[in-house]
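# Chains, contacts and geometry: an overview
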Amino acid sequence: MITQLLRDRTKRLEGWKLKAYKCPAGHWTIGAGWNIDAWGIPKHMREYFRLHDQSITEDMAEELLTISLDAATRQCKELFLDFDLFTENRQMALIDVVFNMGAGRIKKSFPAFVHAVERKCWQWAADELKYADGIKKGKLSLYWTQLHGDPDWTDDKKVERPEENYKLLVEG
């Protein structure tokens, strides 16, 4: 179930823009992280988007967010069979991870993370998400670096997205 807390968190982490822009990864994006390059603009929004200088309304952006969060939630439920039994905080963290990376990429690139979540070993899962070599705690993972998590030896006193997800997984 998509809660208002999840919607608000996603907007805070992704940003909320009603005009198309290039995200840091170079993809055309709108709303709260809707990847136009990958998903296009839904048919019923295309004319408005075209006529309004590649912009959408608040209601359209909310609809795109619902579609995205529904898809990420569905993928989480397929990837993690006990997903509905996890705390809301852990669900939000997992939905965010899948929202950004996709279930296929998580399965392929982070199999030990998936295994740890399935076992409900939350510290292990968080470490697998953070470190490319898991519990050895050496090199930071692609997930961590692409989403601008702080390296272990630095702390800018801000809690970036991967750090927040790490904390939600561990603390529940």
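So, here's what we can say about the structure. (Residues numbered from 1 in each chain as written. Predicted model: local features only at pLDDT ≥ 70, side-chain atom pairs only at ≥ 80, totals over all residues. Heavy atoms only, no water.)

### Examining the sheet that holds strand S1 (residues 17-22)
Rules: A pair of strands counts as paired when DSSP detects no fewer than two bridges linking them. Labels follow the DSSP assignment, with helices taken as runs of H or I lasting at least four residues and strands as runs of E lasting at least two, numbered in each case from the N terminus.
With antiparallel pairing, 3 strands are arranged side by side in an open sheet as S1-S2-S3. Every interior strand has two partners, whereas the edge strands, S1 and strand S3 (34-35), have only one. For strand S2 (residues 28-31) and S3, the ladder comprises 2 bridges, and the chain directions are antiparallel. Its bridge partner lying in S3, threonine 29 is registered against asparagine 35.

### A look at the pattern of salt bridges
The following threshold applies: Throughout this description, the term salt bridge denotes a Lys or Arg side-chain nitrogen within 4 Å of a carboxyl oxygen of Asp or Glu. Per-residue accessibility, obtained with a 1.4 Å probe over protein chains only, is compared with the maximum for each type, and a residue is labelled buried under 20%, exposed over 50%, and partly exposed between these values.
A complete count under the given rule lists 9 salt bridges for this structure. With its nearest N and O atoms 2.4 Å apart, the salt bridge here joins arginine 7 to glutamate 62. Taken as a pair, arginine 7 in helix H1 (residues 4-14) and glutamate 62 in helix H4 (residues 58-79) lie far apart in primary sequence, 55 residues in all. According to the relative accessible area criterion, arginine 7 is buried, its value standing at 11%. Of the charged contacts, one joins aspartate 84 and lysine 77 as a salt bridge, the two residues approaching to 3.4 Å between their closest N and O atoms. A residue is classified by how much of its surface remains accessible, and lysine 77, at 36% relative accessible area, is partly exposed. What emerges from the salt-bridge pattern is a single network uniting Arg7, Lys11 and Glu62.

### Details of the pairing of S2
Across 3 bridges, S1 lies against S2 in antiparallel orientation. From the neighbouring strand, tyrosine 21 faces S2, where its bridge partner is threonine 29. Hairpin connection between S1 and S2: a loop of 5 residues separates the two successive antiparallel strands, and glycine 26 in this loop has a positive phi of roughly 90 degrees. Between S2 and S3, which pair antiparallel and follow one another directly, the connecting turn spans 2 residues, one of which, glycine 33, has a positive phi of 85 degrees.

### What to know about the packing of aromatic side chains
Stated precisely, the cut-off is as follows: Stacked, edge-to-face and tilted are the three classes for Phe, Tyr and Trp ring pairs, Trp counted by its six-membered ring, which pair at centre distances within 6.5 Å; planes under 30 degrees apart are stacked, over 60 edge-to-face, the rest tilted. Note on geometry: a ring has a charge over it if NZ (lysine) or CZ (arginine) is within 6 Å of the ring centre and within 35 degrees of the ring normal.
Taken as a whole and assessed by the stated rule, the structure comprises 3 aromatic pairs. When the ring of phenylalanine 80 is compared with that of phenylalanine 113, the centres are 6.3 Å apart and the planes differ by 90 degrees; the resulting orientation is edge-to-face. Of the two residues, phenylalanine 80 sits in the loop between H4 and helix H5 (88-101) while phenylalanine 113 sits in helix H7 (residues 111-118), which places them 33 residues apart along the sequence. Measuring from centroid to centroid gives 6.1 Å for phenylalanine 83 and phenylalanine 86, while their planes differ by 70 degrees, and the two rings are edge-to-face. We note that phenylalanine 83, like phenylalanine 86, is buried. In this structure an aromatic cluster arises from ring pairing among Phe83, Phe86 and Trp122. Positioned above the aromatic ring of tryptophan 16 is the side chain of lysine 11, whose terminal nitrogen or guanidinium carbon lies 4.5 Å from the ring centre. In this structure, lysine 130 is placed above the aromatic ring of tyrosine 166, and the distance from its NZ or CZ to the ring centre is 5.6 Å.

### Some points on the environment of leucine 5
Quick note on the threshold: In this description, contact between two residues means that some pair of their heavy atoms is separated by no more than 4.5 Å.
Residue position: leucine 5 is located in helix H1. The spatial distance from the C-alpha of leucine 5 to the C-alpha of glutamate 88 is 9.6 Å, given a sequence separation of 83 residues. If sequence neighbours within four positions are ignored, leucine 5 has contacts with Glu88 and Met92.

### A look at unusual backbone geometry
With a phi angle near 55 degrees, aspartate 53 is a residue other than glycine that sits in the positive phi range. Relative to the helices and strands, aspartate 53 is located in the loop between helix H3 (43-51) and H4. In the Ramachandran plot, glutamine 54 falls in the positive-phi region, its phi being about 55 degrees despite a non-glycine side chain. Mapped onto the secondary structure, glutamine 54 falls in the loop between H3 and H4. The exposure class of glutamine 54 is partly exposed, given its relative accessible area of 37%.

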